[in-house]
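Structural overview
For reference, the chains in residue letters:
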Amino acid sequence: GADGGVFAFGDAEFVGSLGGLVLNQPIVGADTTKSGAGLWLFAADGGVFAFGDAKFYGSAAGKTDGGTVIGGSRSLGGDGYMMARADGGLHLFGDAVTELASLVVETSDQLIDVARLAG
């Protein structure tokens with residue numbers, strides 16, 4: 001949830017949670033690693049939290065230039081992630097930087113989500 005709480009259901013493995021911690025801003029997105037054994041949580045202030053086999057490639061905390069982060073997604077290659085801001089800006093980490101050319105973002109007044117194009 002927005003408070004960082006993560007719950008595993010069915011055959012999903014629990015890899016971690018931020019439940020019980022006080023966050024500066026709510027969690028606005030999450031994505032799994034390619035293996036499914038890890039998880040990234042993305043916060044509205046650009047914070048990134050990695051669990052399981054998810055690697056931390058950096059965050060945009062304090063670097064959002066006034067644009068609130070509204071979602072995040074792992075890169076196509078799986079060795080990075082991207083975060084989208086409501087103002088249309090993107091923060092790219094790991095191999096997402098080299099994948100920028102394949103990323104298409106359409107925006108009208110406000111960007112509302114980010115997702116992998118494939119993979």
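Described in the following lines is the structure provided in the data block. Computed from a predicted structure; not experimentally measured. (Residues numbered from 1 in each chain as written. Predicted model: local features only at pLDDT ≥ 70, side-chain atom pairs only at ≥ 80, totals over all residues. Heavy atoms only, no water.)

Let us now look at the nonpolar core. Listed in full, the nine residues of the largest apolar core are W40, F42, V48, A54, A60, V69, Y81, M83 and F93. Broken down by secondary-structure element, the contributors of at least two residues to this core are β2 (38–43) and β5 (80–85). Discounting chain neighbours no more than four positions away, the residues touching M83 are F42, G46, G47, V48, A60, V69, G71, G72, G89, L90, H91 and F93. (Core = buried A, V, L, I, M, F, W, Y, C linked by side-chain atoms within 4.5 Å. Buried < 20%, exposed > 50% of the residue type's maximum accessible area, 1.4 Å probe, protein only. Helix = DSSP H or I, 4+ residues; strand = E, 2+ residues; numbered from the N terminus. Contact = heavy atoms within 4.5 Å.)

With that settled, the discussion passes to the sheet that holds strand β4 (residues 69–74). Across the sheet, three strands lie side by side as β4-β5-β6; this open sheet has antiparallel pairing. If you trace the sheet from one side to the other, it starts and ends with β4 and β6 (90–94), each paired once. Shown here is a sheet whose adjacent strand axes are inclined to one another by a mean of 15°, direction ignored. Bridge analysis of β4 against β5 gives five bridges, and the strand direction is antiparallel. The residue of β5 that forms the bridge with G72 is M83. (Pairing = 2+ DSSP bridges. Axes fitted to C-alpha atoms, helices over the stretch in contact; angles between N-to-C directions.)

So, on to the side chain of H91. Mapped onto the elements of the fold, H91 is located in strand β6. Polar side-chain contacts of H91 include one of 3.3 Å to the side chain of R85. (Polar contact = N/O pair within 3.5 Å; in protein donor to acceptor, adjacent residues only side chain to side chain.)

Moving on, we get to the pairing of strand β3 (residues 48–52). In summary, the side chains of a regular strand alternate between the two faces of the sheet. Of the pairings in the sheet, the one linking β2 to β3 comprises five bridges and is antiparallel in character. Bridge pairing in β3 links L41 to F49.

Here we come to the environment of D95. Note that D95 resides in the segment after β6. In this structure the side chain of D95 is engaged in a polar contact, spanning 3.3 Å, whose partner is the backbone nitrogen of G80.

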